[in-house]
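So you can see what is in the structure, the chains are spelled out below.
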Amino acid sequence: MGGGIAWSESVASNRTNQDLPVIARFDVRYRNYLAPDGSINRPLPASASDAKVLIALYRSMVLVRLFDRKAVALQRTGRLGTYAVSLGQEAVSPGIASAMREEDVLLPSYRDNGALIWRGVKLEEILLFWGGDERGSHFSGPTNDFPFCVPVGSQAPHAAGVAYAFKLRKEPRVAVCMFGDGATSKGDVYEAMNFAGAHKLPVVFVATNNQWAISVPLRLQTSCETLAQKAIAAGFTGEQVDGSDVLAVRAAAEEAITAARDGNGPRFIEAVTYRLGDHTTSDDASRYRSPDEVQAHWKKEPIARLRAYLVGQKLWSKLDEERLSAECNERIEAAVEHYLTTAPRRRETMFDHLYANLPEVYAAQRRELAGGHDA
Amino acid sequence: MPEVTLVEAVNLALGRAMEDDPSVVVLGEDVGINGGVFRATVGLQKRFGPERVLDTPLAELLISGLCVGMAAQGLRPVGEIQFMGFIYPCLDQLVNHASRMRNRTQGRLTCPMVLRTPHGAGIRAPEHHSESTEAMLAHIPGLRVVMPSSPESAYGLLLAAIRDPDPVVFLEPTRLYRAAKGEVEDNGEALPLDRAFVLRDGRDITMISWGAVLKETAAAADALSDEGISAEVIDLATLKPYDEDTVLRSVAKTGRCIIVHEAARTGGFGAEIAATVAECSLASLLAPVTRVTGYDTIIPMARLEQHYMPSVDRIVTAARKLCQFR
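Residues numbered from 1 in each chain as written. Chains lettered and ligands numbered in written order. Predicted model: local features only at pLDDT ≥ 70, side-chain atom pairs only at ≥ 80, totals over all residues. Heavy atoms only, no water.

**Q** Please explain the overall build of chain B as it appears in this structure.
**A** The helix and strand tally for chain B stands at 12 helices and 14 strands. Scaling as 2.2 N^0.38, a compact globule of 326 residues should have a C-alpha radius of gyration of about 20 Å, and chain B matches this with 19 Å. The C-alpha extent of chain B, read off along each of the three principal axes, is 60 × 40 × 40 Å. With 326 residues in all, chain B has 64% of them scored as buried. Contacts in chain B between residues far apart in sequence, at least 24 positions, make up 82% of those at least 6 positions apart. Only carbon and sulfur atoms are counted for the fraction: they give 52% of the accessible area of chain B, which is about 11900 Å². (Helix = DSSP H or I, 4+ residues; strand = E, 2+ residues; numbered from the N terminus. Rg over C-alpha atoms; globule rule 2.2 N^0.38 Å. Buried < 20%, exposed > 50% of the residue type's maximum accessible area, 1.4 Å probe, protein only. Contact = heavy atoms within 4.5 Å. Areas by Shrake-Rupley, 256 points an atom, 1.4 Å probe, with all protein chains shown as cover.)

Right, dumping it as structure tokens:
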């Protein structure tokens, strides 16, 4: 019988498999310095032992958290559109952005406010974007940085293109592309990483693994043990870092960006963290995950962790904290005021940046739209 | 002047653009040593090196996405998709990024890229190699969709597309790649985009078409002329944005309008033109606006495809019918 033959063949091939030589092995490293209680697991890297750097990172994380809180309040009172908070994952954005140079190019996803803010984008510009005004993406800060990418992962091929331009022009610049765990399920991300690997491009891919793609948990996203290993298929190093440890994120980013700048090709960083909040203000995470799970992750959150370390090192006090809160709130209130008093553009300006030179056929539509007032 | 085929004209334009502007980069599957499956990029890698004439992995989404990133960084990428049937993975990039980069950043970042692809049926190609879905591209705000119909227009329009500061999808009529020959001087002169070309003056009927099927449209105009019907033939050339002015002026003169396209009828670009003519020129119409198009079927494979394509006969019959209206 055919089945009998197939059975004996499979037994034979299993036996042979055991004798086959292993031609490749891979490993994925994990990086962590700060334990959840703020104690140190291993000697800090040089930059992270600089108190100024630590405090700058801490301040930026607190700013993002307070900014998020205000943005949600604005949304709840009808003064802002749908907004994506980064509660619980504030370590990733500044950790990555602080390792970049101004001339590098950031390609962020919609949850990377903190990286943009670090790079000089004004708070009111971020509010403008989420408030539904394109001028929010005509932002201050490095003018080559990309705007938030709202479709998931489709900015990864752009990053490869940007990095290709750097390589072609022999410029010592690096493209840094940020996306979430869900994006690693998309062909876009693999296609971009595969190309970047083949051409040894100066690009760093960063996956903020916050465990949840809206309501879909990581275990339904992939059966990979790590997302970092996805880089292996593209031919370069993937590293996993504790994404709630800003020092680990920063050190991994520095190493990867330096390697990329030195012509050693791309790197992939998986920052494992947790989204303590909803996906966006339109989401209700209590529909798909338990309060116990969220509560457990509150114990590992990045801001309290770094604060515990700083306080332990006598680098931070209660007074410092109060001053910082007041300073952040003042800055946020000023931005909100600026945002709320920014008049909408005239309606016909929706045509203004459609093409470099508006074709006459659409110029007529523009005139029609302007009809109600003096154009 | 040397006589070249349409695909050779494409090659000339690419070479000229790369020569003139070091930021022009050609990329796609097999565009390098192989010179492209239709030989559109032949010799370019030898002239300009593998960094500027780049063989990409087999990944169409990637090609279009790379173009967006390169263009935003000041390069002038010209991506090639081997057949229009494989352009669909690029739609996400075209709709969500290329066409709106300028708008969403209010001019801070722009996307001066060209995506080239062969267009249309009639070459007895395998399944998925004969698509003509230009209407879905022409629907995208912020994009330009351009289709040449001769070696001369392929050369001039491709140069214009590469020099244009906004994204252009450049659809090359596959059927004419080697069938169309013409004299092309490689002088670096571009033809205007957004402009229709009147290929033949006429007074009784306006026939509007683009790409390969202009061949049948022109043949129909010849046949009608033998019957004493004078047809004006317009090559639309740029579909997005299209030259309404030339179309409407012609229809005002002739009072009759036939639109000929190979793509399926429903929601095809002919519907757009018919609607414009109806909205703007109803008073000058002597007869209903008529479309001669491919049928609303999947483009059949080789054995039946000639029955799908608008034939000279179908165009002539439609034109005769319109001329019976007085």
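**Q** Looking at this structure, how should I read the sheet that holds strand E13 (residues 257–264) of chain B?
**A** Strand pairing in a sheet is mediated by backbone hydrogen bonds. Such pairs are either parallel or antiparallel. All names here are of chain B. Pairing is mixed across the open sheet formed by 5 strands, whose spatial order is E9-E11-E10-E13-E14. With one partner strand each, in any of the chains shown, strand E9 (197–200) and strand E14 (290–294) form the two edges of the open sheet. For this sheet, the mean angle separating the axes of adjacent strands, direction not counted, is 25°. When strand E10 (residues 205–209) meets strand E11 (residues 231–235), the two strands line up parallel, connected through 5 bridges. From the neighbouring strand, Met207 faces E11, where its bridge partner is Val233. (Pairing = 2+ DSSP bridges. Axes fitted to C-alpha atoms, helices over the stretch in contact; angles between N-to-C directions.)

**Q** Can you walk me through the pattern of salt bridges in this structure?
**A** With the rule as written, the count across this model stands at 38 salt bridges over all chains. Across the pair A:Arg366 and A:Asp352 runs a salt bridge whose closest N-O atoms are separated by 2.9 Å. Separated by 14 residues along the polypeptide, A:Arg366 in helix H14 (residues 360–370) and A:Asp352 in the loop between helix H13 (318–340) and H14 bring together distant segments of the chain. The partly exposed category is assigned to A:Asp352, whose relative accessible area is 32%. Between B:Arg203 and B:Asp204 there is a salt bridge; the shortest N-O distance is 3.7 Å. Judged by its relative accessible area of 55%, B:Arg203 falls in the exposed class. A relative accessible area of 19% places B:Asp204 in the buried class. One salt-bridge network, in which partners are shared between bridges, spans B:Arg102, B:Arg144, B:Asp164, B:Asp166 and B:Asp194. (Salt bridge = Lys/Arg side-chain N within 4 Å of Asp/Glu carboxyl O.)

**Q** For this particular structure, what's the right way to read the packing of helix H2 (residues 51–76) of chain A against helix H5 (residues 123–130) of chain A?
**A** To characterise two packed helices, one gives the angle between the axes of the helices and the distance between these axes. All names here are of chain A. Packing of H2 against H5 brings their axes to within 12 Å, and their N-to-C directions diverge by 35°. In terms of crossing hand, the pair formed by H2 and H5 is right-handed. Contact with H2, carried on its side by Leu63, Phe67 and Leu74, involves Leu123, Ile126 and Leu127 of H5 and no other residues of that element. (Left-handed = near helix turned anticlockwise from the far one by under 90°.)

**Q** Explain unusual backbone geometry to me, please; I cannot follow it from the model alone.
**A** What you tend to see is this: most non-glycine residues have negative phi, and most peptide bonds are trans. Residues and elements named next belong to chain B. With an omega of -5°, the peptide bond between Lys240 and Pro241 qualifies as cis. Along the polypeptide, Pro241 turns up in the loop between strand E12 (238–240) and helix H9 (244–254). The backbone of Arg124 sits at a positive phi, close to 55°, despite the residue not being glycine. Here Arg124 is to be found in the loop between strand E5 (114–119) and helix H6 (134–138). Given the relative accessible area of 58%, Arg124 is considered exposed.

**Q** Teacher, can you tell me more about H5(A) here?
**A** Side chains of residues three or four places apart in an α-helix project in the same direction, reflecting 3.6 residues per turn. Residues and elements named next belong to chain A. In terms of burial, H5 is largely enclosed, as 7 of its 8 residues are buried. For H5, the complete set of buried residues consists of Leu123, Glu124, Glu125, Ile126, Leu127, Leu128 and Trp130. Residues of H5 that are buried in the fold lie against H2, helix H4 (113–118) and H13. Gly132 sits one or two positions beyond H5 and adopts a positive phi of about 90°.

**Q** Hey, could you run me through the packing of aromatic side chains in this one?
**A** Each pair of aromatic rings is reported with the distance of its centres and the angle of its planes. As enumerated under the stated definition, the model contains 17 aromatic pairs over all chains in all. Judged by centre distance (5.0 Å) and plane angle (50°), the ring pair of A:Phe129 and A:Phe148 falls under tilted. Of this pair, A:Phe129 sits in helix H5 while A:Phe148 sits in the loop between H5 and helix H6 (156–168), and the two are 19 residues apart along the sequence. Here the aromatic rings of B:Tyr242 and B:Phe269 are separated by 5.4 Å at their centres, their planes lie at 85°, and the arrangement is edge-to-face. Separated by 27 residues along the polypeptide, B:Tyr242 in the loop between E12 and H9 and B:Phe269 in helix H10 (residues 269–281) bring together distant segments of the chain. Residue classification places B:Tyr242 among the buried residues on the basis of a relative accessible area of 6%. One aromatic cluster is present, formed by A:Phe67, A:Tyr83, A:Phe129, A:Trp130 and A:Phe148 through successive ring pairs. Positioned above the aromatic ring of A:Phe139 is the side chain of B:Arg108, whose terminal nitrogen or guanidinium carbon lies 3.9 Å from the ring centre. (Phe/Tyr/Trp six-rings, centres within 6.5 Å; stacked < 30°, edge-to-face > 60°. Lys NZ or Arg CZ within 6 Å of the ring centre and 35° of its normal.)

**Q** What is the right way to read the sheet that holds strand E7 (residues 168–173) of chain B from this model?
**A** Residues and elements named next belong to chain B. The strand order across the open sheet formed by 7 strands is E3-E2-E4-E5-E7-E6-E12, and the pairing between neighbours is mixed. Only two strands of the sheet have a single neighbouring strand rather than two, namely strand E3 (53–55) and E12. The sheet shows a mean angle of 20° between the axes of neighbouring strands, taken without regard to direction. Bridging between E5 and E7 involves 6 bridges; their strand directions are parallel. Paired with Arg116 across the two strands is Phe170, which belongs to E7. Together, strand E2 (24–28), E3, strand E4 (76–80), E5 and E7 form the strand contacts of helix H1 (residues 6–20), whose direction differs from that of E2 by roughly 135°.

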